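# Coordinate analysis (summary)
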Amino acid sequence: MTIRKQISFITAALLVLCFSVASFSQTVAELEKQRKQKEKEIELTKKLINETGIKEKKSLDYLNVLNVQIETRESLINTVRQELRYINEEITDTKDIVESMEKDLQTLKAEYASMVRFAYKTKNNYTKLGFIFSAESFNQSYKRLKLLQNYSEFRKKQMELILETKATIEEKLTELEKKKQKQLKLLNIQNSEKENLIKDKSGQAQLLGNLKKEKSKLKKDLAKKEKIKKDLNKKIEQIILDEFKRNSKKSNSGTFELTPEAAQLSNDFVNNKGKLPWPIEKGVISENFGRHKHPTLDIDVVVNGIKFICPKGSEARAIFNGTVTRVFPIPGAGNSVLVNHGMYYTVYSNLDVVYVKMGEQITTKFKLGKIRYDQSSGKTEMELQIWKLKGAQQPDKQNPAYWIYKK
């Protein structure tokens, strides 16, 4: 291998290593951030289960929160597996580079030994001069002279470079091996905890079986909740339509239009879609938007927003700038606050104490009120709804999951 090829190989190897390490570090850092976030969510869920009364109530609420924890833990385990996969790939790549450099190092040693033998043969001045002046041209003689002067020192430096690079790679390899062991241990722990959660969920199957036997009671409770939901939706729709007609102007075509200020607020709200904060500081989603099967009754249940379970004493907060349009009570569901964002409205339900009043201008994360604690279920739960106005017609329900930040 020529000196130029050796230098090219070393440069290429170092570039590959640097690029690989940089790309690997960025990917693993992102996964590590995700893992830590999921670990926080799991700890929060466990805290909610322990602090609230839902575990003692042995209710469907407890099962819902437990399912959230199981799903989060499964996602966490997948993230750990991804981290482990990247680490294994990096270890393999680094080993290949080390092996290649070790082969090159052996070549350098052999060439260095040959150089030493050559230097020994040309150790007297006569032999050196003969080697120099036996050249076919003056230019070649000069090159031979420079070769004799620099060859030994150059070879030593190249060998030192290879040894230093090899040591650096081996150090990185040792670091990755340690991280691999750490991740394997973490994966074992998470799998063990997942098994425990699955056992808890299995224990709830018996509870579900007992609840299914009480269909009449469940249907009665569900009918009560459906009435509350219907009253809330009817109230919201009427308030939104009244407010729209009161605050908008009529166009030449006879339809209603938003004022320029309201239109700008709507645009700002839309531009932040998917980035809006949660309506609570801490908590988990206990029920998602849309139609889904009731866990014990063979019927469909429709949820108009997203429900959150949070620690006792939690407060609801606005997800965007706006104006408090109305504060109104719903029997069995505490108080509700409706906030206008131009063409959009957000509703925060099941509040015990309300901090704001009608007409008040609020900002993002502004505290709206204290969430109601339900003694019978042992939970503190609120619901967020988002509505879009479609002219002087019936408002359209939006899925809040598309608007708030995805943890």
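The structure under discussion appears in the preceding block.
These remarks concern the structure in this document. (Residues numbered from 1 in each chain as written. Predicted model: local features only at pLDDT ≥ 70, side-chain atom pairs only at ≥ 80, totals over all residues. Heavy atoms only, no water.)

Right, let's talk about the overall build of the protein chain for a bit. Along its length, the protein chain carries 7 helices and 15 strands. Per-residue burial for the protein chain yields a buried fraction of 41% across its 407 residues. Contacts in the protein chain between residues far apart in sequence, at least 24 positions, make up 71% of those at least 6 positions apart. (Helix = DSSP H or I, 4+ residues; strand = E, 2+ residues; numbered from the N terminus. Buried < 20%, exposed > 50% of the residue type's maximum accessible area, 1.4 Å probe, protein only. Contact = heavy atoms within 4.5 Å.)

A separate point is the layout of surface pockets. As a volume, the second largest pocket reaches approximately 770 Å³. Taken together, 28 residues line the second largest pocket, and the ones lying closest to its centre are Glu41, Val68, Thr72, Trp278 and Ile285. Put simply, the parts of the chain that give the lining of the second largest pocket at least two residues each are helix 1 (3-51), helix 3 (60-121) and strand 3 (284-287). At 7 residues, the largest contribution of residues to the lining of the second largest pocket is made by helix 1. A per-class count over the lining of the second largest pocket returns 9 nonpolar, 9 polar and 10 charged. (1 Å grid on protein atoms, 1.4 Å probe; cavity = no way out; pocket = protein on both sides within 12 Å on 5 of 7 lines; lining within 4 Å. Points joined across faces, edges and corners; volume = space filled by probe spheres on them. Nonpolar A, V, L, I, M, F, W, Y, C, P; charged D, E, K, R; others polar.)

All right, on to the environment of Ile319 then. If you trace the backbone, Ile319 turns up in the loop between strand 7 (315-317) and strand 8 (322-329). Separated by 50 residues in the primary sequence, Ile319 and Phe269 have C-alpha atoms spaced 9.7 Å apart. When residues no more than four places from it in sequence are discounted, the contact partners of Ile319 are Leu276, Pro277, Trp278, Pro279, Thr346, Tyr348, Thr364, Leu384 and Ile386.

The next subject is the nonpolar core. Counting 26 residues, the largest nonpolar core has Phe308, Tyr348 and Met382 as its most contacted members. Not counting chain neighbours up to four residues away, the residues in contact with Phe308 comprise Trp278, Pro279, Ile280, Val284, Ile285, Ser286, Thr380, Glu381, Met382, Leu384 and Ile404. In this structure, Ile240, Ile330, Leu338 and Trp387 belong to the second largest nonpolar core, which totals 14 residues. (Core = buried A, V, L, I, M, F, W, Y, C linked by side-chain atoms within 4.5 Å.)

Turning next to the pattern of salt bridges. Counted by the stated rule, this structure contains 8 salt bridges. The closest approach of N and O atoms between Glu32 and Lys36, which form a salt bridge, is 3.6 Å. On the criterion of helical spacing, the pair formed by Glu32 and Lys36 is a turn pair, its members being 4 residues apart in helix 1. Given the relative accessible area of 27%, Glu32 is considered partly exposed. Linking Glu39 and Arg35 is a salt bridge whose minimum nitrogen-to-oxygen distance equals 3.6 Å. Taken as a pair, Glu39 and Arg35 lie in helix 1 at a separation of 4 residues, close to a single helical turn. One salt-bridge network, held together by shared partners, links Arg35, Glu39 and Glu83. (Salt bridge = Lys/Arg side-chain N within 4 Å of Asp/Glu carboxyl O.)

Moving on, we come to the pairing of strand 10 (residues 344-354). Counting buried residues along strand 10, 8 of its 11 residues qualify, which places the element largely inside the surrounding structure. Pairing of strand 9 (residues 335-341) with strand 10, which is carried by 6 bridges, proceeds in the antiparallel orientation. Considered in strand 10, the bridge of Asn340 is made with Tyr345. Turn length for the strand 9-strand 10 hairpin, with the two strands adjacent in sequence and antiparallel, is 2 residues, and the turn residue Gly342 shows positive phi of about 80 degrees. Of the pairings in the sheet, the one linking strand 10 to strand 14 (residues 379-388) comprises 6 bridges and is antiparallel in character. (Pairing = 2+ DSSP bridges.)

Here we come to unusual backbone geometry. A positive phi is found at Asn350, a non-glycine position, where the angle reads about 70 degrees. When you line up the elements, Asn350 lands in strand 10. The exposure class of Asn350 is buried, given its relative accessible area of 14%. Of note, the phi angle at Lys365 is positive, near 70 degrees, even though the residue is not glycine.

The end-to-end C-alpha distance of helix 7 (residues 260-271) is 16 Å, a good match for the 16 Å that 12 residues give at a rise of 1.5 Å each. Turning to helix 7, its buried residues number three or more, namely Ala262, Ser266 and Phe269. Buried residues in helix 7, looked at end-on, bunch into an arc of 60 degrees, giving them a common side. The exposed set on the far side of helix 7, more than 90 degrees from its buried face, consists of Pro260, Glu261 and Asn271. Considering only its buried residues, helix 7 is in contact with strand 9, strand 10 and strand 14. (Expected span 1.5 Å × (residues − 1). Arc of directions from axis to C-beta.)

Our next topic: the packing of aromatic side chains. In total, this model carries 5 aromatic pairs according to the counting rule given. Ring centres 5.5 Å apart and planes at 75 degrees place the aromatic pair Phe269 and Phe320 in the edge-to-face group. Residue Phe269 is located in helix 7, and its partner Phe320 is located in the loop between strand 7 and strand 8; the two are separated by 51 residues in the primary sequence. Judged by its relative accessible area of 0%, Phe269 falls in the buried class. Its relative accessible area of 7% is what places Phe320 among the buried residues. (Phe/Tyr/Trp six-rings, centres within 6.5 Å; stacked < 30°, edge-to-face > 60°.)

A few words on the environment of Glu360. Position of Glu360 relative to the elements: it lies in the loop between strand 10 and strand 11 (361-362). Note: C-alpha distance between Glu360 and Val339 (21 residues apart in sequence) is 9.4 Å. Setting aside anything within four residues of it in sequence, one finds Glu360 in contact with Gly322, Thr323, Val324, Tyr355 and Phe366.

Turning our eyes to something else, we now look at the environment of Gly313. With respect to the helices and strands, Gly313 occurs in the loop between strand 6 (306-310) and strand 7. Take Gly313: its relative accessible area is 38%, and that puts it in the partly exposed class. In this structure the C-alpha to C-alpha distance between Gly313 and Asp352, which are 39 residues apart in sequence, comes to 9.9 Å.

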